[in-house]
Amino acid sequence: MNFNCLRMKKLIFTLALVAGIISAANAQVDGKAIGLRFGAGTEVSYQHPMGDANRLELDLGYGSWSVAGLTGIYHWVKDLSSVTDGLNWYLGPGLSLGYNSVWSGLNVGIAGQAGIEYTFDFPLQLSLDYRPIIYVIRPAGSPFGAYDGICLSARYKF
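Reference entry: report on the structure contained in this document.

## Overview of the overall build of the chain
And step 1. On a plain count of helices and strands, the chain comes out with 1 helix and 8 strands.
And step 2. Starting at the N terminus, the α and β elements of the chain follow one another as α-β-β-β-β-β-β-β-β.
And step 3. Taken across its 158 residues, the chain has 34% of its residues classed as buried.
And step 4. A sequence separation of at least 24 residues applies to 48% of the contacts in the chain between residues at least 6 apart.
And step 5. With an accessible surface of roughly 9100 Å², the chain has 70% of that area assigned to carbon and sulfur atoms.

## Comments concerning a nonpolar patch on the surface
And step 1. Residues Ile 34, Leu 36, Phe 38, Val 44, Tyr 156 and Phe 158 make up a contiguous nonpolar surface patch of roughly 560 Å² in combined accessible area.
And step 2. The dominant element in the nonpolar patch, judged by the number of residues it contributes, is strand S1 (residues 33–38), at 3 residues.
And step 3. Mapped onto the elements, Phe 38 comes out in strand S1.
And step 4. Overall, the relative accessible area of 40% leaves Phe 38 in the partly exposed class.

## Focus on the sheet that holds strand S4 (residues 67–79)
And step 1. Pairing within the closed barrel is antiparallel, and its 8 strands lie in the order S1-S2-S3-S4-S5-S6-S7-S8. Across the sheet, the mean angle from the axis of one strand to that of its neighbour is 25 degrees, orientation sign disregarded.
And step 2. Note that strand S2 (residues 42–49) and strand S3 (residues 54–63) share 8 bridges and pair antiparallel. In the strand pairing of S3, Glu 43 is matched with Gly 61.

## Some details on the nonpolar core
And step 1. One finds Ile 73, Ala 111, Ile 133, Tyr 135 and Tyr 147 forming the largest nonpolar core, which totals 5 residues.
And step 2. Among residues more than four places away in sequence, those in contact with Ile 73 are Arg 55, Leu 56, Glu 57, Gly 92, Pro 93, Gly 94, Ala 111, Gly 112, Gln 113 and Arg 131.

## Section: the side chain of Asp 59
And step 1. Looking at the secondary structure, you find Asp 59 in strand S3.
And step 2. Among the polar contacts listed, one links the side chain of Asp 59 to the side chain of Ser 45, at a separation of 2.6 Å.
And step 3. Beyond its immediate sequence surroundings of up to four residues, Asp 59 is in contact with Arg 37, Glu 43, Val 44, Ser 45, Tyr 46, Gly 69, Leu 70, Thr 71 and Arg 131.

## Examining unusual backbone geometry
And step 1. One non-glycine residue, Ser 104, lies in the positive phi region at around 45 degrees.
And step 2. By relative accessible area, which is 52% here, Ser 104 ends up exposed.

## Observations concerning the environment of Val 102
And step 1. Here Val 102 shows up in the loop between strand S5 (87–100) and strand S6 (105–119).
And step 2. By relative accessible area, Val 102 is classed as exposed at 51%.
And step 3. Spatially, the C-alpha atoms of Val 102 and Ser 66 are 6.4 Å apart, while their sequence positions differ by 36 residues.

Reading guide: rules and limits
- Residues numbered from 1 in each chain as written.
- Predicted model: local features only at pLDDT ≥ 70, side-chain atom pairs only at ≥ 80, totals over all residues.
- Heavy atoms only, no water.
- Helix = DSSP H or I, 4+ residues; strand = E, 2+ residues; numbered from the N terminus.
- Buried < 20%, exposed > 50% of the residue type's maximum accessible area, 1.4 Å probe, protein only.
- Contact = heavy atoms within 4.5 Å.
- Areas by Shrake-Rupley, 256 points an atom, 1.4 Å probe, with all protein chains shown as cover.
- Patch = residues over 30% accessible without salt bridge, like charges linked within 9 Å, V, L, I, M, F, W, Y side chains within 5 Å.
- Salt bridge = Lys/Arg side-chain N within 4 Å of Asp/Glu carboxyl O.
- Pairing = 2+ DSSP bridges.
- Axes fitted to C-alpha atoms, helices over the stretch in contact; angles between N-to-C directions.
- Core = buried A, V, L, I, M, F, W, Y, C linked by side-chain atoms within 4.5 Å.
- Polar contact = N/O pair within 3.5 Å; in protein donor to acceptor, adjacent residues only side chain to side chain.

This is the structure:
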């Protein structure tokens, strides 16, 4: 076995170990949150806890390409308090339903979301996330088969 192959195996093992430790550290999802999510459009955003380290996020809004819709994402929330208290990252799958007023039709998509959030000592949560959507149903003539975007959210925690 050559030296480079051994180094690569050690690197892969170390990265897998670090990823396992990070993913094992679940955050404590405490309470609900409501606010706004800003990106290609604006959405009213609501988060509801689904256990100790999971939640459901529902976003209703009007976005780019004249689409009004509802997106629901299930989050696995992971703790980053080793960096600073109140810091978490999250990841999850979901669905998106919308109506496109330009092409007069329904959009149905499979979504995903990954982001990072910080909850202050007072009831404010700020987050930055990335959400890709692949539309499995879209209006005839619509050139948009997918969407992705980075959004900033501000929510009141209660």
